[in-house]
Amino acid sequence: MAQNAYHYQDAARTVPKRPAQVKTKVRKRYQPAVWTKQERSLVIVMAVTVLFMMLATVWTTVSMQRVEAKNQAVSQKIDKVKEENDSYRGDIQAETNKDNLEKVAKSANMEQSTTNVRNVNQ
């Protein structure tokens with residue numbers, strides 16, 4: 001061994017020093033799954049259903065607004081007719097007042113008497 005002494009190195013020096021490697025995370029890339037015919041048809045049916053429901057909701061909302069506008073117009077007309085009726089009732093009461101009837105009767109040369117009045121219920 002004496003002849004190999006000048007080549008001798010301890011084990012720590014014989015291993016070449018490597019720089020420390022940083023472990024990088026390797027992302028696994030998966031292939032997208034292939035959709036079956038059943039899955040595709042289910043997606044299409046659900047999309048059509050959701051679309052139909054959206055259109056039905058919009059149509060219902062628009063028709064409800066239209067009906068509410070018509071109802072409001074009708075209620076305004078009803079209120080107007082009620083006010084006119086109240087006005088007419090006031091006019092009728094004023095015209096059928098006893099004093100006014102006597103005045104009209106005098107202008108037409110009429111007189112009010114109870115001798116010619118008969119009870120209709122008998």
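Residues numbered from 1 in each chain as written. Predicted model: local features only at pLDDT ≥ 70, side-chain atom pairs only at ≥ 80, totals over all residues. Heavy atoms only, no water.

**Student:** Help me understand the overall build of the protein in this model?
**Tutor:** Secondary structure summary: the protein contains three helices and zero strands in total. When burial is assessed residue by residue, the protein has 2% of its 122 residues classed as buried. Here the protein displays about 13,300 Å² of accessible surface, and carbon together with sulfur accounts for 58% of that area. (Helix = DSSP H or I, 4+ residues; strand = E, 2+ residues; numbered from the N terminus. Buried < 20%, exposed > 50% of the residue type's maximum accessible area, 1.4 Å probe, protein only. Areas by Shrake-Rupley, 256 points an atom, 1.4 Å probe, with all protein chains shown as cover.)

**Student:** Is there a simple way to explain the side chain of Asn100 in this structure?
**Tutor:** Relative to the helices and strands, Asn100 resides in helix α3 (residues 98–107). On the basis of relative accessible area, Asn100 is assigned to the buried category, the value being 18%. Once residues lying within four places of it in the same chain are set aside, the contact partners of Asn100 are Ala94 and Glu95. (Contact = heavy atoms within 4.5 Å.)

**Student:** What exactly am I supposed to notice about the pattern of salt bridges here?
**Tutor:** Pairing is possible between side chains of opposite charge, provided their charged atoms come close. Per the counting criterion, the structure on display carries one salt bridge. Note that Arg89 is salt-bridged to Asp86, the shortest N-O span being 3.0 Å. With a gap of three residues between them, Arg89 and Asp86 both fall in helix α2 (residues 37–95), about one helical turn apart. (Salt bridge = Lys/Arg side-chain N within 4 Å of Asp/Glu carboxyl O.)

**Student:** Mind showing me how you'd approach the confidence of the model for the protein here?
**Tutor:** Reading predicted coordinates in detail is not appropriate for stretches of low pLDDT. Mean pLDDT over the protein: 84, with 75% of residues reaching 70 or higher. The spread of mean pLDDT over the elements of the protein runs between helix α1 (residues 11–14), the lowest at 58, and α2, the highest at 96. (pLDDT = per-residue confidence, 0-100.)

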